[in-house]
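# Chains, contacts and geometry: an overview
The primary structure of each chain is shown beneath.
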Amino acid sequence: MCNPPDIGALFTTLGIAALLLILERMLKLFDFVVNQGGPVEVVFRMLANQIPHYLGLALPVGLLLGTLLAFRKISLSSEYDAIVSSGVGLPRLVRPVLFLALVMMIVNTVLVGWIQPYGRYAYRNLVFDLRSGALGASIRVGEFVDLGDNITLMIEESRKQGAELIGIFLERRDKDNTISVTAERGGFYATEDDQTILLRLYNGVLVDLNEGPNKPRVLSFDQQDLTVTLPAKETFRDRGGEQLELTLPELNRERYNPELTVQQLNAMNANFHWRVMHSLTFLVLPFLAIPMGLTNKRTGRGTGIVIGLSLLILYNEFMEAMETAVSNGASPYASTWLLFSIFTALSFFFFRIAAFKVGGEPLAWIDKAWGFISGPIKRLSKKVMGVSE
């Protein structure tokens, strides 16, 4: 009898972790888009391109917790003891977990190797379009805004998400003359040419400040149309401006490119080794999660959950540090892969204790230390509670 990881806990962890990361990012994106005067819907397009990145962060945590909680459950219910008594040991129980880890490793490789680079490029393209005004950013209220054709525009109020403008002042400067316009209301309308928009004004006054022999002319109007030629949209750069936008095969090829500087080659090499190690880590996580999930039925302490998550967090932090070290010229084998070897050895050490030592509890010494520390505290608290009563 082999129990697979707790799939419900796995996907719940993935969902919660991804949601928390996305919500934090959403607040920053809303602030950025509002400051750039862009439409709110672009926030969700930007978030969609960030989802692969957050999934890559959540997948290892999901596999660790899903496996850990599954074995903790069968351990507390005495099901694990029954399985072991029937002659089935941990080496056999780990097989379905390794199969799931292999599947998740493939998914993660596709994520970090192909989907994330394209998503990151699309995200930065949206940022570029937003800053350049290509997404139709609305006019900011109370500020002078320069448009095409040497036009300066200011509005007092914007309604219906920028479809209706109230209290308009406009100035157009040409070589020969300058015109100033004030209008009660107006709005922008699309034309057949995507480089030209129509500004329709209602109930206003136009002043033609001609410096020629004629005096300035003043014209009142009920409706006036002005065409505005937008500045030519600058094209965004091609994908591959940095190592994070390259797919895994492209990254492997570029780290041997003789045209790149030493610093660029180091950055390519560091990111390549980081991606490979990040995927291979999935095959190691079951050997850490299983011993962390096995617990004493009498105490039922959750020490393994805390220790397992702490080790994974520390490992991820050191992974980032090792990538930085390789970018600065360190050997990937003496930094990145040394860290991977230490993490693998520690995981197998815990697994070996749980699998081959009779009554083996990898974290028994931690439980004993906690009992030694918490014992006097519990006795003191009982005395205090007794006195207060």
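Use the structure listed above.
Residues numbered from 1 in each chain as written. Predicted model: local features only at pLDDT ≥ 70, side-chain atom pairs only at ≥ 80, totals over all residues. Heavy atoms only, no water.

What follows deals with the overall build of the protein chain. In terms of regular secondary structure, the protein chain is built from 10 helices and 6 strands. Here the contacts in the protein chain between residues at least 6 apart in sequence split such that 63% fall between residues at least 24 apart. Counting only carbon and sulfur atoms, one obtains 60% of the accessible surface of the protein chain, whose full area is about 21800 Å². (Helix = DSSP H or I, 4+ residues; strand = E, 2+ residues; numbered from the N terminus. Contact = heavy atoms within 4.5 Å. Areas by Shrake-Rupley, 256 points an atom, 1.4 Å probe, with all protein chains shown as cover.)

Applying the stated rule across the entire model yields 6 aromatic pairs. Following the ring pairs from residue to residue traces out a cluster consisting of Phe287, Phe348 and Phe351. We note Arg239 situated over the ring of Tyr118; from NZ or CZ to the ring centre the distance is 4.3 Å. (Phe/Tyr/Trp six-rings, centres within 6.5 Å; stacked < 30°, edge-to-face > 60°. Lys NZ or Arg CZ within 6 Å of the ring centre and 35° of its normal.)

With that settled, the discussion passes to helix 9 (residues 336-356). With 21 residues, helix 9 extends 30 Å from end C-alpha to end C-alpha; this agrees with the ideal 30 Å at 1.5 Å per step. Regarding helix 9, the residues found buried are Thr336, Trp337, Leu339, Phe340, Phe343, Thr344, Ser347, Phe350, Phe351, Ile353 and Ala354. (Expected span 1.5 Å × (residues − 1). Buried < 20%, exposed > 50% of the residue type's maximum accessible area, 1.4 Å probe, protein only.)

Before going further, it helps to examine the pattern of salt bridges. Throughout the structure, instances matching the rule amount to 7 salt bridges. Here Glu242 makes a salt bridge to Arg124, at a shortest N to O gap of 2.7 Å. Of this pair, Glu242 sits in the loop between strand 6 (217-229) and helix 5 (248-254) while Arg124 sits in helix 4 (residues 90-132), and the two are 118 residues apart along the sequence. Classification of Glu242 as partly exposed rests on a relative accessible area of 26%. Arg124 gets classed as partly exposed once you look at its relative accessible area, which sits at 24%. Residue Arg237 is joined to Glu245 by a salt bridge in which the shortest nitrogen-to-oxygen separation is 2.8 Å. Classification of Arg237 as partly exposed rests on a relative accessible area of 33%. (Salt bridge = Lys/Arg side-chain N within 4 Å of Asp/Glu carboxyl O.)

Among the surface-exposed residues, Leu102, Ile106, Val110, Trp114, Ile115 and Tyr118 lie close enough to one another that they form a single nonpolar patch of about 530 Å² accessible area. Looking at the element boundaries, Trp114 is found in helix 4. Residue class for Trp114 comes out partly exposed when judged on its relative accessible area of 36%. (Patch = residues over 30% accessible without salt bridge, like charges linked within 9 Å, V, L, I, M, F, W, Y side chains within 5 Å.)

A word on the packing of helix 8 (residues 303-327) against helix 9. Two numbers describe how helix 8 lies on helix 9: the axes approach to 9 Å, and their chain directions differ by 160°. When the axis of helix 8 is compared with that of helix 9, the two are roughly antiparallel. Along this stretch, helix 8 crosses helix 9, giving a crossing that reads as right-handed. Contacts from Leu311, Tyr315, Phe318, Met319, Met322 and Val326 in helix 8 reach Thr336, Leu339, Phe340, Phe343, Leu346 and Phe350 in helix 9. (Axes fitted to C-alpha atoms, helices over the stretch in contact; angles between N-to-C directions. Parallel < 35°, antiparallel > 145°, perpendicular 65-115°, else oblique. Left-handed = near helix turned anticlockwise from the far one by under 90°.)

Without other data, these values stay purely geometric and don't point to any function.
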